[in-house]
Amino acid sequence: MQCVGVGDDAPHGSVFRTIAMDGDVLDCLVKLPAKMICRAAVAYSPGDPSPPEPSSDEWLCYAVRCPREITARRMSDEFGAHDVRGDRSKLYCTPGTPME
């Protein structure tokens, strides 16, 4: 996924949302307008014979204020295995639909 900052003409404000993830339910304050747009992306090495195609999903991401939660887990990706730990949600991303 690749994210870029955006300008958004939505009015400034905030709304409460209950956000469920990985079995946790958090009551959060979502701040408007959107801060980023994220799109599915794939990375590959130069010279790869057939780079994979990313999906066409797009997400709008908003700053969010949620109760503190400590999450720790072992993760693996194309750069190796990592022990990662987070303490508070920073962004909430929701699927967006282009309107052309």
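Presented here is an overview of the structure given in this document. Just so it is clear, the structure is predicted and the values come from calculations on it, not from any experiment.

### Concerning the overall build of the protein
A count of helices and strands for the protein gives zero helices and seven strands. The linear arrangement of helices and strands in the protein, starting from the amino end, is β-β-β-β-β-β-β. For the protein, the C-alpha radius of gyration of 16 Å lies well beyond 13 Å, the compact-globule estimate for 100 residues. For the protein, the proportion of its 100 residues judged to be buried stands at 15%. Expressed as a percentage of contacts within the protein between residues at least 6 apart in sequence, the contacts between residues at least 24 apart total 54%. Here the protein has roughly 7,700 Å² of accessible surface; of this, 53% comes from carbon and sulfur atoms. Considering the protein, the positive charge centre built from 11 side chains and the negative charge centre built from 15 side chains are found 12 Å apart.

### Concerning the nonpolar core
Counting residues in hydrophobic clusters, the biggest one holds eight residues: Ile19, Leu26, Cys28, Val30, Ala34, Tyr62, Val64 and Cys66. For this core, the elements supplying multiple residues, two or more each, are strand 3 (24–39) and strand 4 (58–65). A per-element tally of this core places strand 3 first, with four residues.

### Concerning the pattern of salt bridges
For the structure shown, the criterion picks out two salt bridges. For Glu58, the salt bridge identified is with Arg39, shortest N-O distance 2.9 Å. Of this pair, Glu58 sits in strand 4 while Arg39 is found in strand 3, placing the two residues 19 residues apart along the sequence. Residue Asp83 is joined to Arg74 by a salt bridge in which the shortest nitrogen-to-oxygen separation is 3.1 Å.

### What about the pairing of strand 2 (residues 13–21)?
The pairing of strand 2 with strand 3 spans nine bridges and is antiparallel. Pairing of Phe16 across the sheet is with Leu29, part of strand 3. Between strand 2 and strand 3, which pair antiparallel and follow one another directly, the connecting turn spans two residues, one of which, Asp22, has a positive phi of 50 degrees.

### As for the state of the cysteines
With the rule as written, the count across this model stands at three disulfides. Disulfide pairing places Cys3 opposite Cys38 at an S-S distance of 1.9 Å. Note on the Cys3 and Cys38 pair: the S-S dihedral is about 110 degrees, so by sign convention the disulfide is right-handed. With a gap of 35 residues between them, Cys3 in strand 1 (residues 2–5) and Cys38 in strand 3 connect regions that are remote in the sequence. The class for Cys38 is buried, based on a relative accessible area of 1%.

### Focus on the environment of Leu32
The residue Leu32 is located in strand 3 in this model. Between the C-alpha atom of Leu32 and that of Val15, which follows or precedes it by 17 residues, the distance is 7.9 Å. The contact partners of Leu32, leaving out residues within four places of it in the chain, are Pro11, His12, Gly13, Ser14 and Tyr62.

Rules and cut-offs
Residues numbered from 1 in each chain as written. Predicted model: local features only at pLDDT ≥ 70, side-chain atom pairs only at ≥ 80, totals over all residues. Heavy atoms only, no water. Helix = DSSP H or I, 4+ residues; strand = E, 2+ residues; numbered from the N terminus. Rg over C-alpha atoms; globule rule 2.2 N^0.38 Å. Buried < 20%, exposed > 50% of the residue type's maximum accessible area, 1.4 Å probe, protein only. Contact = heavy atoms within 4.5 Å. Areas by Shrake-Rupley, 256 points an atom, 1.4 Å probe, with all protein chains shown as cover. Lys, Arg positive; Asp, Glu negative; His and termini not counted. Charge placed at Lys NZ, Arg CZ, Asp CG, Glu CD. Core = buried A, V, L, I, M, F, W, Y, C linked by side-chain atoms within 4.5 Å. Salt bridge = Lys/Arg side-chain N within 4 Å of Asp/Glu carboxyl O. Pairing = 2+ DSSP bridges. Disulfide = S-S within 2.5 Å.

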